[in-house]
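A closer look at the structure
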Amino acid sequence: MPDKKPFEIARETLKQISARKLVPTPGNYQAIYNEIAGLPFVQPFPDERLRRIAQALPARNPGQEKQLGLLEYAISQRSWAGVQNALQAYAGFVPANGETSPSPLAATPAAAVALTPEFFEQIARLLEYVKPALGTDADDARFQEQLQQLLKALRDPAAEPYKVKAQLADFSHRLSFAAEDQAEIRQTLLKLLQLIIENIGELSADDGWLKGQIDALREAAQPPLTLRRLDDVERRLKDVIFKQRDAKGRALQAQEELRQMLATFIARLSQVAESSSAYQGKMEESVKQIEQARTIEDIAPVLKEVISATRHMSAASSDARDELRNMREKSQATEAELVKLHRELDRVSTQARHDPLTGALNRQGLDEAINREVATMRRKDTPLSVALLDIDNFKKLNDSKGHDTGDAALAHLANVARECMRPQDTLARYGGEEFVILLPDTPLDNGIEALTRLQRELSKRFFLAGAEKVLITFSGGVAQLAAGESGSDAIRRADQAMYLAKRAGKNRVIGA
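Residues numbered from 1 in each chain as written. Predicted model: local features only at pLDDT ≥ 70, side-chain atom pairs only at ≥ 80, totals over all residues. Heavy atoms only, no water.

**Here we look at the packing of helix 15 (residues 403–420) against helix 16 (residues 444–460)**
So the rule is basically this: Convention adopted: a line fitted to C-alpha atoms gives each axis, helices being fitted over their contacting stretch, and angles between N-to-C directions are expressed from 0 to 180 degrees. What counts as a helix is a DSSP run of H or I of at least four residues, what counts as a strand is a run of E of at least two, and both are numbered from the N terminus. Angle categories: roughly parallel below 35 degrees, roughly antiparallel above 145, roughly perpendicular from 65 to 115, and oblique for all the rest. In this scheme the crossing of two helices becomes right-handed for a clockwise turn of the near helix relative to the far one and left-handed for an anticlockwise turn of less than a right angle. Only heavy atoms enter the contact rule, under which two residues are in contact if any of them lie within 4.5 Å. The classification used treats Ala, Val, Leu, Ile, Met, Phe, Trp, Tyr, Cys and Pro as nonpolar, Asp, Glu, Lys and Arg as charged, and all other residues, Gly among them, as polar.
Where helix 15 contacts helix 16, the axes come no closer than 10 Å and their chain directions differ by 125°. Compared by their axis directions, helix 15 and helix 16 come out oblique. The two elements helix 15 and helix 16 meet at a crossing, and its hand is right-handed. Where helix 15 approaches helix 16, its residues H412, L413, V416, A417 and C420 are matched on the opposing element by L454, E457 and L458. For the contact of helix 15 with helix 16, the per-class residue count stands at six nonpolar, one polar and one charged.

Take a look at the structure:
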């Protein structure tokens, strides 16, 4: 009935579906609509089934791979002509040597091999590892929901690969925006932190002991940030904060003592003023009595009172002078104690857990660092290597060129080592001319290679002792921490390997 309008045909279609008690599916609706409109009936395009066929077809050469891409495009466009052309071209491709392609049953396609449940599980674990870096709050509920749906699909044995692939592509697009947001948030927070640190530094420019803290924070806030740098600064500042709290208590105590001394001083001044006023009054009265006296006998009692008042005034002045002198000595002692306390704060703010000569961790800092690395190694089940190195012929260097040259050699080795180390590695001065390097995520062979590279770098780098170039070499031992082994035990094994390197001719590295 060509004279019917589309909306009339649609209304009649719904009536017919209800009257025939058909399921209101798109296919049934299309069939009834075409029947009423007098149009030829065309079966719905089977895109899902065709995609399954396309996924199962192997791609053994570039030509077949190209035609499979065209096939997927034709399916997405629901083009029968495109599907037919792609399949015909796909069937016409054979290997370049002229041999026929093997049967699909003879070898599993590479794509089918890759899209296994194990592969999907690896992707799921990767997403779970990335999730904490993107935050756990509900700022983007849709992102969290989509992530959970994708994880569920990846771990569903019955999931169809092409659907999972589409979900993964959609999530990757959203993930890129989330990652950009987190990176921008991090940069903004870092800028805010730097502004706060600079502001505190300007407000406390006169506090030398606080300057060490500000400098440490400013250094730690410079990108790229690492947990190790932040952890070192945190531990260093805890020492300073403890001293700062002690200094604050002592300062408050000193302020209270000064307040009491000032109150006493004012009271004594008031007493002196009162005594002076009474003495002056007594003197004026005595002058009048002397003026009225007629004989020597009349003057004698007046002189006696004057002498008594003068002695009392002198004694009061002497007592006030002695008390004020004691107050001044006590104030000076308190001030000296505060100066000493601030000097101690100055020292710990710059040294804390670091060796002042080389800037490397000292023994206390090393103990904390190795405990942290061992805990991380056990939690993540990753290798940890410990290297111990000792400067060759260091005593001879000290004896021949002096201790200043020996100190310069230690600092030179530490500087070169820091330049060769990774950000996650830790350098510590173990004692004398010995250093320890902690190498996380590093098996024994790679640890030996790292120390060998450091030896090569030292052979290229001289330092000057006056006008003379001095070459520094070292002997090293490396031990990989074993299961259940403590950090100190690993250092002892590395130490034994280092002595073997010494006996073998020095300037070499041996693994324990």
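This is not the end of the story, as more comes after the structure.
**Some words on unusual backbone geometry**
Which entries qualify depends on this criterion: Here's how the labels work: a residue is buried when its accessible area is under 20% of the maximum for its type, exposed when over 50%, partly exposed in between, all with a 1.4 Å probe on protein chains only.
One non-glycine residue, K21, adopts positive backbone phi at about 55°. Locating K21 in the fold gives a position in the loop between helix 1 (6–19) and helix 2 (26–37). Residue classification places K21 among the exposed positions, given a relative accessible area of 77%.

**As for the packing of helix 1 against helix 2**
In contact at an axis separation of 9 Å, helix 1 and helix 2 are set at 125° when each is read in the N-to-C sense. If you check the angle between helix 1 and helix 2, you find them oblique. Classified by chirality, the crossing of helix 2 by helix 1 is right-handed. Facing helix 1, whose interface residues are P6, I9, A10, E12, T13, L14, Q16 and I17, helix 2 presents Y29, I32, Y33, I36 and A37. Class assignment of the residues belonging to the contact of helix 1 with helix 2 gives a composition of 10 nonpolar, two polar and one charged.

**Quick word on the nonpolar core**
Heads up, the rule is: Definition used in this section: a nonpolar core is a set of buried Ala, Val, Leu, Ile, Met, Phe, Trp, Tyr and Cys residues joined via side-chain atoms within 4.5 Å.
Of all hydrophobic cores here, the largest spans 26 residues; its most connected members are L427, I437 and L454. Among the secondary structure elements, those contributing two or more residues to this core are strand 1 (384–391), helix 14 (394–401), helix 15, strand 3 (434–440), helix 16 and strand 6 (474–480). Ignoring any residue separated from it by four or fewer positions in sequence, one finds L427 in contact with A360, L361, A414, A417, R418, M421, F435, V436 and I437. Counting residues in each nonpolar core, the second largest holds 18 residues, with L366, V386, A479 and I491 among its members.

**Description of the pairing of strand 1**
Our working definition: The pairing criterion for strands is at least two bridges between them, as found by DSSP.
For strand 1, the tally of buried residues reaches eight of eight residues, placing the bulk of the element in the interior. Of the pairings in the sheet, the one linking strand 1 to strand 6 comprises seven bridges and is antiparallel in character. By the bridge assignment for strand 6, D390 is matched with S475.

**Considering helix 1**
The test is simple: In this analysis, the expected span of each helix is defined as 1.5 Å times one less than the number of residues it contains. Read the arc as the range of directions from the helix axis to the C-beta atoms.
Between the first and last C-alpha of helix 1 there are 20 Å, a value that for 14 residues agrees with the 20 Å anticipated at 1.5 Å per step. Taken as a whole, helix 1 has its buried residues at I9, A10, T13 and I17. Seen from one end, helix 1 has its buried residues packed into an arc of 100°, which puts them on one side. Among the exposed residues of helix 1, those pointing more than 90 degrees away from its buried face are F7, K15, S18 and A19. Looking at the packing, one finds that the buried side of helix 1 touches helix 2.

**Re the environment of E419**
The line we're drawing: Under the rule applied, a polar contact is a pair of N or O atoms within 3.5 Å (in protein, one hydrogen donor and one hydrogen acceptor; residues adjacent in sequence only if both atoms are side-chain atoms).
For E419, the location among the structural elements is in helix 15. The spacing of E419 and E457 is 38 residues in sequence and 9.7 Å in space, taken between C-alpha atoms. Polar side-chain contacts of E419 include one of 2.9 Å to the side chain of R461.

**Things to note about the confidence of the model for the protein**
So the rule is basically this: As a per-residue measure, pLDDT reflects the predictor's confidence and takes values from 0 up to 100.
Summarising the model, the protein shows a mean pLDDT of 76, and 73% of its residues fall at 70 or more. Of the regions scoring below 50 in pLDDT, residues 96–113 engages in 14 contacts with residues more than four places distant in sequence or in other chains.

**Here's the deal with the sheet that holds strand 7 (residues 509–511)**
Taken together, the five strands give an open sheet; going across it, the order is 2-3-1-6-7, and neighbouring strands pair in mixed fashion. What marks the edges here is a single partner per strand, and that holds for strand 2 (426–431) and strand 7. With direction set aside, neighbouring strand axes in the sheet form an average angle of 20°.

**Some thoughts on the environment of F462**
Within the secondary structure, F462 sits in the loop between helix 16 and strand 4 (463–465). Between the C-alpha atoms of F462 and A409, which are 53 residues apart in sequence, the distance is 9.6 Å. Excluding anything up to four places from it in sequence, F462 contacts H412, K469, V470 and L471.

**Comments concerning the environment of A74**
You can see A74 is positioned in helix 4 (residues 62–76). A relative accessible area of 4% places A74 in the buried class. Sequence separation of A74 and N85 is 11 residues, and the distance between their C-alpha atoms is 9.3 Å. Every residue in contact with A74, bar those within four places of it in the chain, is listed here: S79, G82 and V83.

**Comments concerning the packing of aromatic side chains**
The cut-off we apply is this: For Phe, Tyr and Trp, where Trp contributes only its six-membered ring, two rings pair if their centres lie within 6.5 Å, and the inter-plane angle classes them as stacked under 30 degrees, edge-to-face over 60, or tilted in between. We call a charge positioned over a ring when the NZ of a Lys or the CZ of an Arg lies within 6 Å of the ring centre and within 35 degrees of the ring normal.
A full pass over the atoms with the stated rule returns one aromatic pair. Geometrically, the ring pair formed by F119 and F120 is tilted, given 6.2 Å between the ring centres and 45° between the ring planes. We classify F119 as partly exposed; its relative accessible area is 33%. Judged by relative accessible area, F120 falls into the buried class, the value being 10%. Between R363 and the ring centre of Y430, over which it is positioned, the NZ or CZ distance is 4.2 Å.

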